[in-house]
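# Fold and geometry: a report
What follows is the residue order along each chain.
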Amino acid sequence: MPMMTVSVSAGNVPKVNTDNVSPKIVLSQKNISANGLLAFNQVVDQEAEILKIKALAIDTYFKEHGMPLEGMGMKMVQEAEKNDIDWRLLPAISVRESTGGLHACKKVKFSFMGWGSCKINFKSNEESIEIVARNLGGNNPNTDHHYADKTTKQILQKYNPPSIVPHYAEQVIKIMDNIGDEIITLPTNT
């Protein structure tokens, strides 16, 4: 199975080979030295590296499918983290609702996730991501009764109930799985 390889060395931007990319991600690290001491396989900030890998997976998925939301991966990951939702949820909803922004709501601006049945304007893509993530995370007092303390599938069943869009949750979860694995880890020293 093809894999995305990301090589990281201290202070450098990851170099990515996106040929035949799949959601599986491998991170290799170079050794770094400081004050004459050699430290093997050190990652200065593992959490930041994992966020970059998740954002790269989202942006790569959008790019491979010619979707205009390419470049929004990091914002989606940051808002997912802030609101304690799966990092793949927002991009997968945007794919299901608007083909990653390609067919965004026409009557309103920056509404690529179908929030509010395409009746709500947003000032920017970033604001749209922030507001939808906040709601889906159960962090808006006006909508928390729908989304707080729910699994991803339960969130999706509230977002678009099966009585309105049959199999919606399953369709979005399949897209999530195509974007990447839920858990991304870096190799540990042994």
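Report follows, based on the coordinates. The structure displayed is predicted, hence computed values, not measured ones. (Residues numbered from 1 in each chain as written. Predicted model: local features only at pLDDT ≥ 70, side-chain atom pairs only at ≥ 80, totals over all residues. Heavy atoms only, no water.)

## Structural notes on the state of the cysteines
To keep it simple, the criterion reads: When the sulfur atoms of two cysteines come within 2.5 Å, that pair is taken as a disulfide. Working definition: helices are DSSP H or I runs of at least four residues, strands are E runs of at least two. Numbering for both runs from the N terminus.
A full pass over the atoms with the stated rule returns one disulfide. Residue C105 pairs covalently with C118 via a disulfide, S to S 1.8 Å. Measuring the twist about the S-S bond at about -50°, one finds the C105-C118 disulfide to be left-handed. Residue C105 is located in the loop between α3 (89-98) and α4 (125-136), and its partner C118 is located in the loop between α3 and α4; the two are separated by 13 residues in the primary sequence.

## Thoughts on the packing of helix α2 (residues 73-82) against α4
Under the convention used in this document: The axes are straight lines fitted to the C-alpha atoms, using for helices just the contacting stretch, and the angles between their N-to-C directions are given from 0 to 180°. Angles below 35 degrees are treated as roughly parallel, those above 145 as roughly antiparallel, those between 65 and 115 as roughly perpendicular, and all remaining angles as oblique. Working rule for handedness: look at the near helix, and if it is turned counterclockwise from the far one by less than a right angle, call the crossing left-handed; if clockwise, right-handed. We call two residues in contact whenever any of their non-hydrogen atoms come within 4.5 Å of each other. Charged means Asp, Glu, Lys or Arg here, nonpolar means Ala, Val, Leu, Ile, Met, Phe, Trp, Tyr, Cys or Pro, and polar covers whatever is left, Gly included.
It is at 9 Å that the axes of α2 and α4 come closest, and there the two elements cross at 25°. For the element pair α2 / α4, the angle class is roughly parallel. Remark: the crossing between α2 and α4 carries right-handed chirality. Residues K75, M76 and E79 of α2 lie in contact with α4, whose contacting residues are E126, I129, E130 and A133. Taken together, the residues of the contact of α2 with α4 sort by class into three nonpolar, no polar and four charged.

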